[in-house]
Structure formats: C-alpha cells, structure tokens
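A structural walkthrough
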Amino acid sequence: EVLNGTTALLPIVQGQLNGQDTRFLIDTGAAVSCLDEEFFQESVLPKLDNPTFLRGLPSLTAVGGTQIPVKGCIVLLYNIDGFQFPHPTYLVALQR
C-alpha cells in the first residue's frame, strides 16, 4: 500500500462482507469495527434482504481525540480466510 507517498506495510487482508469481496484493514488496537457510511449505502445496503440496525449509538473518539460521527450500527456477516462470523459494525462519516 502507498500512504502519503510512502510505501507502508499495512495489515490488509482479503475477505467478504455480506458475500461481497473486499479488503479489510486489521487494527488490533481498535475497540470497535467501523465502515464508511457512504460505502455501506452504495455497496452493502442494496444487497441486504432485511437489515436490522442496532439501537443506542455510542460516541466514538479517535486516538488523537477527534470525535467520529456515528451514523448507525448494524451486524454484518464477515468472512476472512474461510472463517465466517456476524459482527457489529459502526457506520461512520469519513472526512474527505
């Protein structure tokens, strides 16, 4: 991966999110899993039969203290290296 013009070794793995091939950045220090809300709306939501959103949204704070706007939370089906599991995923608004 190239990050800010520098080649970086990032822990990125291939997998599937609700049956759709994608890549995941593994952050072993993260307390929660997040997904860009725009990506979710465009690529994941149209393929869900009956999405169930979880209630009660937390306030998320990045390592540097920046607040992360949470738009929703849903349990999605992850598949990484053949291991399939449901996992709560926070939908967040990424700053572009």
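The following refers to the structure shown. (Residues numbered from 1 in each chain as written. Predicted model: local features only at pLDDT ≥ 70, side-chain atom pairs only at ≥ 80, totals over all residues. Heavy atoms only, no water.)

Glancing now at the layout of surface pockets. The computed volume of the largest pocket comes to approximately 1,200 Å³. What lines the largest pocket is a set of 37 residues, and nearest its centre among them are L25, D27, V32, S33 and C34. A per-element tally of the lining of the largest pocket places strand β4 (residues 20-25) first, with 4 residues. Here the residues of the lining of the largest pocket sort into 25 nonpolar, 8 polar and 4 charged. (1 Å grid on protein atoms, 1.4 Å probe; cavity = no way out; pocket = protein on both sides within 12 Å on 5 of 7 lines; lining within 4 Å. Points joined across faces, edges and corners; volume = space filled by probe spheres on them. Helix = DSSP H or I, 4+ residues; strand = E, 2+ residues; numbered from the N terminus. Nonpolar A, V, L, I, M, F, W, Y, C, P; charged D, E, K, R; others polar.)

The subject of this paragraph is the sheet that holds strand β3 (residues 12-17). In spatial order, the strands read β4-β3-β8-β9-β5; together these 5 strands make up an open sheet with mixed pairing. Edge positions in the open sheet fall to β4 and β5 (34-36), since each of these has one partner strand only. Along the sheet, successive strands turn relative to each other by an average axial angle of 50 degrees, direction set aside. Where β3 lies against β4, 6 bridges are found, and the strand directions are antiparallel. (Pairing = 2+ DSSP bridges. Axes fitted to C-alpha atoms, helices over the stretch in contact; angles between N-to-C directions.)

Enumeration according to the criterion identifies 1 cavity of 30 Å³ or more in this entry. Put simply, the largest cavity is a space of about 30 Å³. In terms of lining residues, the largest cavity is bounded by L17, N18, Q20, S43, V44 and K47. Across the lining of the largest cavity, the residue classes break down as 2 nonpolar, 3 polar and 1 charged.

With that settled, the discussion passes to the side chain of T89. Take T89: it is sitting in strand β9 (residues 83-92). Of note is the side chain of T89, whose polar atom sits 2.7 Å from the side chain of Y78. With sequence-adjacent residues up to four places away left out, T89 is seen in contact with S33, C34, L35, G72, C73, I74, L76 and Y78. (Polar contact = N/O pair within 3.5 Å; in protein donor to acceptor, adjacent residues only side chain to side chain. Contact = heavy atoms within 4.5 Å.)

All right, on to helix α1 (residues 37-44) then. Turning to α1, its buried residues are F40, S43 and V44. Axial view of α1: buried residues confined to an arc of 100 degrees, hence all on one face. Where the residues of α1 are buried, they touch β3, β4, β5, β8 (70-80) and β9. (Buried < 20%, exposed > 50% of the residue type's maximum accessible area, 1.4 Å probe, protein only. Arc of directions from axis to C-beta.)

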